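Fold and geometry: a report
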Amino acid sequence: MKRILLATDGSRFALSSAGYIANLYAGMSDLEIMVLSILPSVPPLYLEEHHDPLIRKHYSVWQEETLEKARKYTKEAIDLLQRGGFKKSQIQAKHAPQVVGVARDIVREADAGHYDACAMGKKGMGWFDDTFLGSITSKLLEISEDHPIWLVSNSEWKSRNVLVAIDHTPKAVQLSRYVGEMLRGLEGVKIRFYHYCNPSIENLPLEKRELEEIEKRIADKERNQMDHFFEEAQKVLGDLGFDKREVEYEFELGKSASTRKVSQRILEKVQEGQYGTLVIGRKGATAAREFRLGSVASRVSTESENCAVWVV
């Protein structure tokens, strides 16, 4: 049984994540969804409510209005999920008070519920903020190292095509296992593994012929390495019931190693293929502990449009 935590703040971005799940998992019975709304923090004035009857009265009204809004938000998401084919028994709602902070409270809920994914709108109103990547969303990506995060922006196409962006590490096999387990049993799913090879030699003080020879050696070595990782990933998906015809692989040799170029090319591939889902590893090849989110994953999460980005 797969379990997804769906965080909502009532914005259209939050509802787009509910719509994404409804479309992706339409008709699936082995899925449970918890729709979570974190209540706003208590205004400082109301912390004195025990000492003042008038404040206590207004605090009571504020509490009820806040809870009513949260119920409205979760109901909208639940209604959308049910229209997508989910049974009432598959969906629950929770309205949790803010204890530490919205992002940390979402992680606390994810820890307690052992969810396979935490889905939300990429940005929104209220506590998601009105930026390219909401402040809460950004914080959540930073602190949720052990939890796959799904960020959904408005989708113009309802596609079950999935692009898995992989680097030259064994992470490709781990990503394939997660993707396979989360998409197992769904019809019409097509998965493409994509690797952008960037030798990073364009600024070396060498002759053109020497540069070309070095680039070829690096690219050939990396291609062989990635071919091996893809074979392993394909085997993992095969064991999970995926047909080989549903799984593809693309190796692209690029001319720039900059973070911007890599992320830009990945997002171009998403647009070109109209992929509904992009999957990317949380960390890059360095996997440095001090960087909880890799630079490519961070940029892709920020600049993605009309798709869901799974940061795993």
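Residues numbered from 1 in each chain as written. Predicted model: local features only at pLDDT ≥ 70, side-chain atom pairs only at ≥ 80, totals over all residues. Heavy atoms only, no water.

1. Description of the overall build of the protein
Within the protein, the secondary structure is distributed over 8 helices and 10 strands. Sorting the 312 residues of the protein into buried and exposed places 50% on the buried side. Within the structure as shown, the protein displays about 16000 Å² of accessible surface, and the carbon and sulfur contribution to it stands at 49%. (Helix = DSSP H or I, 4+ residues; strand = E, 2+ residues; numbered from the N terminus. Buried < 20%, exposed > 50% of the residue type's maximum accessible area, 1.4 Å probe, protein only. Areas by Shrake-Rupley, 256 points an atom, 1.4 Å probe, with all protein chains shown as cover.)

2. A look at the pattern of salt bridges
Following the criterion strictly, the structure yields 20 salt bridges and no others. Across the salt bridge formed by Asp-243 and Arg-245, the nearest N and O atoms sit 3.0 Å from each other. Residue Arg-299 pairs with Glu-303 through a salt bridge whose shortest N-O separation is 3.0 Å. You can see Arg-299 and its partner Glu-303 sitting in helix 8 (residues 295-303), 4 residues apart, about one turn around the helix. (Salt bridge = Lys/Arg side-chain N within 4 Å of Asp/Glu carboxyl O.)

3. A short note on the pairing of strand 7 (residues 190-197)
Taken across its 8 residues, strand 7 has 6 buried, putting it largely inside the fold. Pairing analysis gives 5 bridges linking strand 6 (residues 161-165) to strand 7, with the strands arranged parallel. The residue of strand 7 that forms the bridge with Leu-163 is Arg-192. Note that the unit made of strand 6, helix 5 (residues 171-183) and strand 7 has a crossover that is right-handed. Looking at chain direction, strand 7 and strand 8 (residues 247-253) are connected through 7 bridges and run parallel. Considered in strand 8, the bridge of Ile-191 is made with Val-247. (Pairing = 2+ DSSP bridges. Right-handed = clockwise from strand over helix to strand, strands pointing away.)

4. Things to note about unusual backbone geometry
Even without being glycine, His-114 reaches a positive phi, approximately 50 degrees. The residue Asn-306 is not glycine, and still its phi comes out positive at about 55 degrees. Residue position: Asn-306 is located in the loop between helix 8 and strand 10 (308-311). Classification of Asn-306 as buried rests on a relative accessible area of 14%.

5. Regarding the pairing of strand 6
A regular strand carries its side chains on alternate faces of the sheet. Most of strand 6 is tucked away: 4 of the 5 residues are buried. Pairing of strand 6 with strand 9 (residues 277-280) involves 4 bridges; the strand directions are parallel. Bridge pairing links Val-162 to Thr-277 in strand 9.

6. Brief notes about the sheet that holds strand 1 (residues 2-7)
An order of 3-2-1-4-5-10-9-6-7-8 is seen for the 10 strands of this open sheet, with the pairing classed as mixed. Unpaired on one side and paired on the other, strand 3 (91-96) and strand 8 mark the two borders of the sheet. Each strand axis lies, on average, 20 degrees off the axis of its neighbour in the sheet, ignoring direction. Here strand 2 (residues 31-38) pairs with strand 3 via 6 bridges, running parallel. Its bridge partner lying in strand 3, Met-34 is registered against Gln-92. Packing of helix 2 (residues 53-83) onto the sheet brings it into contact with strand 1, strand 2 and strand 3, and relative to strand 3 it is tilted by some 160 degrees. Most of the contacts of helix 8 go to strand 9, to which it runs at about 160 degrees, and overall it touches strand 5 (149-152), strand 9 and strand 10. (Axes fitted to C-alpha atoms, helices over the stretch in contact; angles between N-to-C directions. Contact = heavy atoms within 4.5 Å.)

7. Looking at the environment of Ser-89
Examined against the element boundaries, Ser-89 turns out to sit in the loop between helix 2 and strand 3. With a relative accessible area of 66%, Ser-89 lands in the exposed category. The spacing of Ser-89 and Ile-33 is 56 residues in sequence and 9.6 Å in space, taken between C-alpha atoms.

8. Re helix 1 (residues 12-24)
Here helix 1 spans 18 Å end to end across 13 residues, near enough to the 18 Å set by a 1.5 Å rise per residue. If you check which residues of helix 1 are buried, you get Phe-13, Ala-14, Ser-16, Ser-17, Ala-18, Tyr-20, Ile-21, Ala-22 and Leu-24. (Expected span 1.5 Å × (residues − 1).)

9. Here we look at the packing of aromatic side chains
Scanning the entire structure with this criterion turns up 6 aromatic pairs. With a centroid separation of 6.1 Å and an interplanar angle of 15 degrees, the aromatic rings of Tyr-59 and Trp-62 are classed as stacked. With Tyr-59 and Trp-62 both in helix 2, this residue pair falls 3 residues apart, about one helical turn. Grouping residues by exposure puts Tyr-59 and Trp-62 together as buried. Arranged with centres 5.8 Å apart and planes meeting at 65 degrees, the rings of Phe-193 and Phe-230 form a pair that is edge-to-face. (Phe/Tyr/Trp six-rings, centres within 6.5 Å; stacked < 30°, edge-to-face > 60°.)

10. Quick word on the nonpolar core
Core analysis: the biggest nonpolar cluster contains 52 residues, and Ile-21, Tyr-25, Leu-81, Trp-150, Leu-183, Ile-191 and Trp-310 have the highest contact counts within it. With residues up to four places along the chain from it excluded, the contact list for Trp-310 reads Tyr-20, Leu-24, Ile-149, Trp-150, Tyr-178, Val-179, Met-182, Leu-183, Thr-277, Leu-278, Val-279 and Ile-280. Counting residues in hydrophobic clusters, the runner-up holds 37 residues, among them Leu-5, Met-34, Val-102 and Ala-103. (Core = buried A, V, L, I, M, F, W, Y, C linked by side-chain atoms within 4.5 Å.)

11. Considering helix 2
Its 31 residues give helix 2 an end-to-end C-alpha distance of 45 Å, which sits within 8% of 45 Å, the value for a rise of 1.5 Å per residue. Inspection of helix 2 places Ile-55, Tyr-59, Trp-62, Thr-66, Ala-70, Tyr-73, Thr-74, Ala-77, Ile-78, Leu-80 and Leu-81 among the buried residues, and these make up the whole buried set. With its phi angle positive at about 115 degrees, Gly-85 sits one or two positions after the end of helix 2.

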